Structures are given as C-alpha cells and as structure tokens.
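The lines below spell out each chain.
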Amino acid sequence: MILHIFSIIYIMRKTWYGGARIGLSSIALLCAAISVLTPPSFAQDSQDLPGILGTDNRKPIDSSAWPWSSIGRINRTAGGFCTGTLIATKFVLTAAHCMYDSRNGRPLAAQEIHFVAGYKRDDYVAHSIARNIHVADDFEYGTANGEALSNDWALVELVNEIPLKPLSVHEFAREGEKLKLPEGASILRAGYSQDRAHLLAAHSGCSVEGTAESGRILLHDCDATRGDSGSALLLKTQDGDYRILGVSVAVRTYGAQDYGVAVPSVNFREQLSTRNLIP
C-alpha cells in the first residue's frame, strides 16, 4: 500500500506550566502541582483537537482496576505529560518523542520522569521516578518521516517496582507486509488527554485500518490527542485478555484521510524479549 503523506502531528501534551520546573518531594506534591498548574484548557471543544477522528468516542474509565491501573501518566518536571503502560514491574512502554524537551530538543534525564500508575485527579495506584531511559536505537527526534515514526518507542526503567500486573505484548503473525490480527478481537486505546488530563479515558471498539512503511506503522481510527502519546493500542481477546498491539505516537494524513499512527509491537518485541522483559 503506497500512501502519500501530507502532514504529521505529534500528540504529546505540550503544557509548560509557565516554563517553571516543579520541585517534587513526594507524589502528593506532584499531583497537587499538576492540578494547580495545568492551564484551563479542558473546556476546549474536542472536535478542535488533533486526533479526534469524527465523533469523540473517548469515555472515562476506572483507572484503579486492571488493566487500566497498569496504565499511567508520564509526568515530566520539564513540563508536559504523556501516557505509558507497565510491561514489567520496573519497565514502562511509551513514545520516544516523550523523552525529549520539545522546546529545544534536549533529551530528558531520568530524574525528570515520573510514572504515576492508575492516576485519577488527586489519587493514584502507584508511583516511581525513572532510573534510566531506553530510546529505540534508530529513533531521530524532530524527524517526521516514516522511519522515525516506526522507531518512536521507548522504555522507562523505574527506580521502584510497581506491584501491579503488567500488560503483555502481542506477537503478530505476518502475511507478507500485512500484520494479521486474531479473529473476533476488539481494539481499544486508553490514555490521558489534554482536555481530560486528570482522568483516564478510553475509546473502545475502534479498529486498525491498515499499515504503512512496509508494515512498520499501524494506521488506526482510535481517538487520541495531545497527552495520549505513548498510550498503548490494545487488543482485547475473546477470553478477556488484554495485549499491547502498539504504541500510539501521532496523527497523520494519508491522501485526504486522517489516521492515528501507532508503532506495532513487531518493531520492538524482539528487543524486549532480549532484555527478558517478555516471554
């Protein structure tokens, strides 16, 4: 499938809190600071946000219950936030571009990253600061071509173990350049959006529309906007299991149609297996 590329919009939440850095001595202070300092942008019409593909299908969900409790906000003391998913007790999967300061392209230091699992307003399930950041080898920040997008994933290694059940990473079967999905599977995506920054919201019943870049990019119609970068595109199987299909990273226009873009798990599953993070 050959598609002409017209535009790309990264979907990291670019909130700079007035340019101030936030000193954090506890997770309670962290949540309080975010609540006070986030600008009053929540009243924005969702139809004006990039990545809301037609009707806004996002619905708030209970972030204290699995699997949603293993999804969290990635808060950055440099400003802004993304979404991440626990794939092992000390490792969070997210988008690589979330690990950079978009004002100047500076790679963020591990101590600037906080993962808050199951975050909901002034409550959360678990928290840890990062120990290390592992960005995909071939990712190039600030480059909008398909190769950079297909490598837009990162692992955040945490200082503390998160005592929650991680989400498993799906193993795709291929048919040529196509990635085959199991029959009867349901697709969904959940994250912390710009206009719903303190509540986890999910779009259930969306679909994978196709692939691009020789099968190295998934195109989907799940609603995802700023702040949702790094959130997992999820597969719900008929037996009720949840698996990570990919990492939501951007909105891109192919021809006359806007699509959500995700890095498929086939791009990173082997590296995760080499690290013994997945079976």
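Small disclaimer: the values here were computed from a predicted structure and weren't measured. Chains are numbered independently. Their residues run from 1 in the order of the written sequence. The model is predicted, so local features are restricted to residues of pLDDT at least 70 and side-chain atom pairs to those at 80 or more, both for listing and for counting; the totals for chains, interfaces and linings are taken over all residues. Note that the side-chain values use all heavy atoms of the structure and ignore hydrogens as well as water.

**Some thoughts on the overall build of the protein chain**
In this text, helices come from DSSP runs of H or I with a minimum length of four residues, and strands from runs of E with a minimum of two, each type numbered from the N-terminal end. For the protein chain, the helix and strand inventory stands at three helices and 20 strands. Within the span of the protein chain, comprising 279 residues, buried residues form 54% of the whole. In this analysis, two residues are considered to be in contact whenever any of their non-hydrogen atoms come within 4.5 Å of each other. Sequence separation of 24 or more characterises 70% of the internal contacts of the protein chain that already satisfy a separation of 6 or more. Surface summary for the protein chain: the accessible area is close to 11500 Å², and the carbon and sulfur share equals 48%. For every residue, the accessible area obtained with a 1.4 Å probe (protein chains only) is divided by the maximum for its type, and the residue is called buried under 20%, exposed over 50%, and partly exposed between those limits. Surface accessibility follows the Shrake-Rupley procedure with a 1.4 Å probe radius. Residue values consider only the protein chains on display as shielding.

**Quick look at the state of the cysteines**
The disulfide definition used here is simple: a pair of cysteine sulfur atoms within 2.5 Å. Counted by the stated rule, this structure contains two disulfides. Paired by a disulfide, Cys-82 and Cys-98 hold their sulfur atoms 2.1 Å apart. In this structure the cystine formed by Cys-82 and Cys-98 twists about its S-S bond by roughly -90°; its chirality is therefore left-handed. In this pair, Cys-82 sits in strand S4 (residues 81-88) while Cys-98 sits in the loop between strand S5 (91-94) and strand S6 (100-101), placing the two residues 16 residues apart along the sequence. Across this residue pair, the class does not change: Cys-82 and Cys-98 are buried. Between the sulfur of Cys-206 and that of Cys-222 lies a disulfide, 2.1 Å long from S to S. The S-S bond linking Cys-206 to Cys-222 shows a torsion near 85°; that makes this disulfide right-handed. Taken together, the residues Cys-206 in strand S15 (residues 201-206) and Cys-222 in the loop between strand S17 (217-220) and strand S18 (232-236) connect sequence positions 16 residues apart. Taking relative accessible area as the criterion, Cys-206 reaches 6% and is therefore assigned buried. Take the cysteines of the protein chain that form disulfides and number them in order along the sequence; they join up as 1-2, 3-4.

**Regarding the sheet that holds strand S10 (residues 154-158)**
Within a sheet, neighbouring strands are paired by backbone hydrogen bonds and run either parallel or antiparallel to one another. Paired strands are those between which DSSP finds at least two bridges. Pairing in this closed barrel of six strands is antiparallel, and the strands run S3-S4-S5-S10-S9-S8 around the ring. Adjacent strand axes in the sheet meet at a mean angle of 40° when their direction is disregarded. Alignment of strand S8 (residues 113-117) against strand S9 (residues 126-135), held across four bridges, turns out to be antiparallel. When the bridges of S9 are listed, Ala-117 appears paired with Ala-126. To obtain an axis, a line is fitted to C-alpha atoms, over the contacting stretch when the element is a helix, and the angle between two such axes runs from 0 to 180 degrees between their N-to-C directions.

**Thoughts on the confidence of the model for the protein chain**
In this model, the protein chain carries an average pLDDT of 82, and 82% of its residues clear a pLDDT of 70 or more. Note: pLDDT gives the predictor's confidence per residue, expressed from 0 to 100. Here helix H1 (residues 27-37) stands out as the least confident element of the protein chain, with mean pLDDT 36; S8 is the most confident, with 98. Between residues 1-9, whose pLDDT stays under 50, and residues either more than four places distant or in other chains, the model counts 26 contacts. Per-residue pLDDT stays below 50 along residues 13-43; that stretch engages in 61 contacts with residues further than four places along the chain or on separate chains.

**Quick notes on the pattern of salt bridges**
We count a salt bridge whenever a side-chain nitrogen from Lys or Arg sits within 4 Å of a carboxyl oxygen from Asp or Glu. Taken as a whole and assessed by the stated rule, the structure comprises nine salt bridges. A salt bridge links Asp-56 to Arg-196, with the shortest nitrogen-to-oxygen separation between them at 3.3 Å. Of this pair, Asp-56 sits in the loop between H1 and strand S2 (59-60) while Arg-196 sits in the loop between strand S14 (186-191) and S15, and the two are 140 residues apart along the sequence. Judged by relative accessible area, Asp-56 falls into the buried class, the value being 15%. We classify Arg-196 as partly exposed; its relative accessible area is 26%.

**Some words on the side chain of Thr-83**
As for its placement among the helices and strands, Thr-83 is situated in strand S4. Take Thr-83: its relative accessible area is 0%, and that puts it in the buried class. Pairs of N or O atoms are called polar contacts if they sit within 3.5 Å, as long as, within protein, a hydrogen donor faces a hydrogen acceptor (for residues adjacent in sequence, only side-chain-to-side-chain pairs). A polar contact is formed between the side chain of Thr-83 and the backbone oxygen of Gly-227, at a distance of 2.9 Å. In this view, Thr-83 contacts Ile-71, Gly-72, Ile-74, Thr-94, Ala-190, Gly-191, Tyr-192, Gly-227, Asp-228, Ser-229, Gly-230 and Ser-231; residues no more than four positions away in its chain are not counted.

**Notes on the environment of Gly-191**
Within the secondary structure, Gly-191 sits in strand S14. A relative accessible area of 0% means that Gly-191 is categorised as buried. Separated by 32 residues in sequence, Gly-191 and Asp-223 place their C-alpha atoms 9.9 Å apart. Beyond its immediate sequence surroundings of up to four residues, Gly-191 is in contact with Thr-83, Leu-199, Leu-200, Ala-201, Asp-228 and Ser-231.

**Re the environment of Trp-68**
Within the element layout of this structure, Trp-68 appears in the loop between S2 and strand S3 (71-76). Separated by 123 residues in the primary sequence, Trp-68 and Gly-191 place their C-alpha atoms 9.3 Å from one another. Residues in contact with Trp-68, not counting those within four places in the same chain, are Ile-61, Asp-62, Ser-63, Gly-118, Leu-188, Ala-190, Leu-200, Leu-234 and Tyr-242.

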